[in-house]
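These are the residues of each chain, in order.
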Amino acid sequence: MEPHFNKITKFGYEQIESEIRELENSRPAKIKSLADARALGDLSENAEYSAAKRNLRHLESRLRFLRKQLQYAQVYTPSNNDTVEVGKTVKFEFLDDHSTETYEIVGTPEVDIDHGKISIASPIGSALLNHHSGDIVTVSAPQVTYKIKIISISI
């Protein structure tokens, strides 16, 4: 069975690499904190030890998660055409109330709604994928279906 690779922008890949470096750099301090707490004595009633152990486990878990993200990531470079794909910014209009939104379409590891980045796996992202400017697309969200019109697509 072939592994499934997740499309991701170059920027998103670099962001994950950066977070891995930061976590790896903070690891020695967390290990030292655990050793210092262990030296305090009775481990069964040592809150500092429990907290340090929990913090180190959290760091190790996050590192494993991020490394898996990179292992199955495929950096995708968008083409210079009028098709919605990973790495492109899409402006669209909701046809029910004529409001507009602009989002960058990204891979699932780099979603950040607050910064205008939606995933190709989201209802809007998956509906927009492979469409062109001027297309009217039906979005099927969990509790509603609605139509949007693609106004513009840019890199």
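This text follows the structure it describes.
About the criteria used
Residues numbered from 1 in each chain as written. Predicted model: local features only at pLDDT ≥ 70, side-chain atom pairs only at ≥ 80, totals over all residues. Heavy atoms only, no water. Helix = DSSP H or I, 4+ residues; strand = E, 2+ residues; numbered from the N terminus. Buried < 20%, exposed > 50% of the residue type's maximum accessible area, 1.4 Å probe, protein only. Contact = heavy atoms within 4.5 Å. Pairing = 2+ DSSP bridges. Polar contact = N/O pair within 3.5 Å; in protein donor to acceptor, adjacent residues only side chain to side chain.

> Give me the environment of threonine 102: which residues, what numbers.
Topologically, threonine 102 is positioned in strand β4 (residues 100-106). Overall, threonine 102 belongs to the partly exposed group, its relative accessible area being 43%. Between the alpha carbons of threonine 102 and isoleucine 151 there is a distance of 9.5 Å; along the sequence they are 49 residues apart. Once residues within four sequence positions are removed from consideration, threonine 102 is found in contact with Thr89, Val90 and Lys91.

> Please give an account of unusual backbone geometry that cites residues and values.
Even without being glycine, histidine 98 reaches a positive phi, approximately 60°. Since its relative accessible area comes to 54%, histidine 98 is described here as exposed. Its identity as a non-glycine residue notwithstanding, asparagine 130 has a phi of 70°, on the positive side. Here asparagine 130 is to be found in the loop between α3 (123-128) and β6 (136-140).

> Describe the pairing of strand β7 (residues 145-154), and please don't skip the residues or the numbers.
Side-chain positions along a regular strand alternate between the two faces of the sheet. With six bridges connecting them, strand β3 (residues 89-94) and β7 associate as antiparallel partners. Residue glutamate 93 lies in a different strand from β7, and its bridge partner there is lysine 149. Summarising the sheet, β6 and β7 pair through five bridges and their orientation is antiparallel. The partner of isoleucine 136 across the bridge, within β7, is lysine 149. From the end of β6 to the start of β7, which pair antiparallel, there are four residues.

> Explain the environment of glycine 116 to me, using residue names and the numbers behind them.
Tracing the backbone through its elements, the reader meets glycine 116 in the loop between β4 and β5 (117-119). Here glycine 116 falls in the buried class, since its relative accessible area comes to 17%. It is 18 Å that separates the C-alpha atoms of glycine 116 and proline 78, two residues lying 38 residues apart in sequence. Ignoring sequence-local partners within four residues, the contact set of glycine 116 consists of Tyr103 and Glu104.

> Run through the pairing of β4, naming residues and quoting values.
With five bridges connecting them, β3 and β4 associate as antiparallel partners. Within β4, the position partnered with threonine 89 by the bridge is glutamate 104. In this antiparallel pair of consecutive strands, β3 and β4, the connection spans five residues, and histidine 98 shows a positive phi of 60°. Bridge analysis of β4 against β5 gives three bridges, and the strand direction is parallel. Of the residues in β5, the one forming a bridge with isoleucine 105 is isoleucine 118.

> Got a sec to walk through the side chain of lysine 88? Specific residues and values, please.
Structurally, lysine 88 can be placed in the loop between β2 (73-75) and β3. Polar contacts involving the side chain of lysine 88 include one to the main-chain carbonyl oxygen of threonine 83, which spans 3.0 Å.

Everything listed here is a matter of coordinates, which is why it stays silent on function.
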